[in-house]
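Working through the structure, step by step
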Amino acid sequence: KAGVTQTPRYLIKTRGQQVTLSCSPISGHRSVSWYQQTPGQGLQFLFEYFSETQRNKGNFPGRFSGRQFSNSRSEMNVSTLELGDSALYLCASSSQQAGLTDTQYFGPGTRLTVL
Amino acid sequence: EDQVTQSPEALRLQEGESSSLNCSYTVSGLRGLFWYRQDPGKGPEFLFTLYSAGEEKEKERLKATLTKKESFLHITAPKPEDSATYLCAVIQGAQKLVFGQGTRLTINP
């Protein structure tokens, strides 16, 4: 099976702009989670989607949003970019069988640089 | 609030020198503890999932163990290709992983 794919891999934006990142989960996986990784804060949870519904959200401002499509692909959007949004954005997918704690498999990430 | 603390922050070993990485956690009702390996500029690569105290899992030179308060990742006779950052995480709620800060492991030839 192909792994989790993320596009684009690298992105450079300026302050105030907005950005959309895309994630395609492993085939058959219905849960998609997003994480932000920075040297200072490490890996932090942004949100998780399952069957097009957001089930869990981390402590990030409303500028960070996401959605999931019927084919389980997911996008996240960051509006009004700030310098502190520069990070590696990681997507992870899991099969999420009911009642089980499933392993999350990560994609390669999108490196966002805000100038 | 669930917390995960990893130690040491960095560890430098000679090839063949065995050691252990520590992951201490405080969580109300552990549902799973995960170990990942991350190479620079790449996404975390899954290694192990542990569910209950006393559980052990092995893969090549790595062995993960779990107690009620901590997990250890033992690395036996490491090779330079084992150099990476090792991340520990617990699951909270619906698929939210809470990560430690990681241990940066360097194996010198």
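Here is a short report on the structure shown in this document. Residue indices begin from 1 for each chain and proceed along its sequence in written order. Going through the entries in the order they are written, you letter the chains from A and number the ligands from 1. Totals for whole chains, interfaces and linings use every residue, but because this is a predicted model, local features are given only for residues with pLDDT of at least 70 and side-chain atom pairs only at 80 or more, for both listing and counting. Excluded from the side-chain calculations are hydrogens and water; all other atoms, namely the structure's heavy atoms, are used.

1. Side note on the interface of chain B and chain A
When checking whether two residues touch, look at their non-hydrogen atoms; a contact exists if any pair is within 4.5 Å. Between chain B and chain A, the residue contacts involve 21 residues of the former and 25 residues of the latter. Computed with a 1.4 Å rolling probe, the buried area is the accessible surface lost when two parts are put together, summed over both parts. Between chain B and chain A, the buried area comes to about 1700 Å², and carbon and sulfur atoms account for 51% of it. When residues of chain B are sorted by the area they lose upon contact with chain A, Ala94(B), Gln95(B) and Lys96(B) head the list and together hold 32% of the total. Any carboxyl oxygen of Asp or Glu within 4 Å of a side-chain nitrogen of Lys or Arg constitutes a salt bridge here. Counting the contacts that link chain B with chain A gives zero salt bridges. In protein, a polar contact requires one atom able to donate a hydrogen and another able to accept it; more generally it is a pair of N or O atoms within 3.5 Å, and residues adjacent in sequence count only if both atoms are side-chain atoms. Joining chain B to chain A, the criterion identifies seven residue pairs in polar contact (both at pLDDT 80 or more). Where helices and strands are cited, they refer to DSSP runs of H or I of at least four residues and of E of at least two residues respectively, numbered from the N terminus. Listed by contribution, the elements that provide at least two residues to the side of chain B that touches chain A are strand E4 (33–38), strand E5 (45–50), strand E9 (84–92) and strand E10 (96–99) of chain B. Nonpolar residues are Ala, Val, Leu, Ile, Met, Phe, Trp, Tyr, Cys and Pro. Charged residues are Asp, Glu, Lys and Arg, and all others, Gly as well, are polar. Partitioning the side of chain B that touches chain A into residue classes produces ten nonpolar, eight polar and three charged.

2. Details of the environment of Ser72(A)
All names here are of chain A. Structurally, Ser72 can be placed in the loop between strand E7 (64–68) and strand E8 (74–78). With relative accessibility at 12%, the residue Ser72 sits in the buried group. Separated by 49 residues in sequence, Ser72 and Cys23 have C-alpha atoms that sit 9.1 Å apart. Once residues within four sequence positions are removed from consideration, Ser72 is found in contact with Pro25, His29, Arg30 and Val32. Engagement of the side chain of Ser72 in a polar contact is seen with the backbone oxygen of His29, the distance being 3.4 Å. Here's how the labels work: a residue is buried when its accessible area is under 20% of the maximum for its type, exposed when over 50%, partly exposed in between, all with a 1.4 Å probe on protein chains only.

3. What about the sheet that holds E7(A)?
Residue and element names in this part refer to chain A. Pairing between strands requires that DSSP locate at least two bridges from one strand to the other. Within the open sheet, the four strands sit side by side as E1-E3-E8-E7. Their pairing is antiparallel. Strands at the two margins of the open sheet, each flanked by one partner only, are strand E1 (5–7) and E7. Strand-to-strand, the axes of this sheet are offset by a mean angle of 20 degrees, without reference to chain direction. Across five bridges, the pairing between E7 and E8 is antiparallel. In the strand pairing of E8, Phe64 is matched with Val78. Between the N-to-C directions of two axes lies an angle of 0 to 180 degrees, each axis being a line fitted to C-alpha atoms and, for a helix, fitted only over the stretch in contact.

Nothing here speaks to function; it is all geometry.
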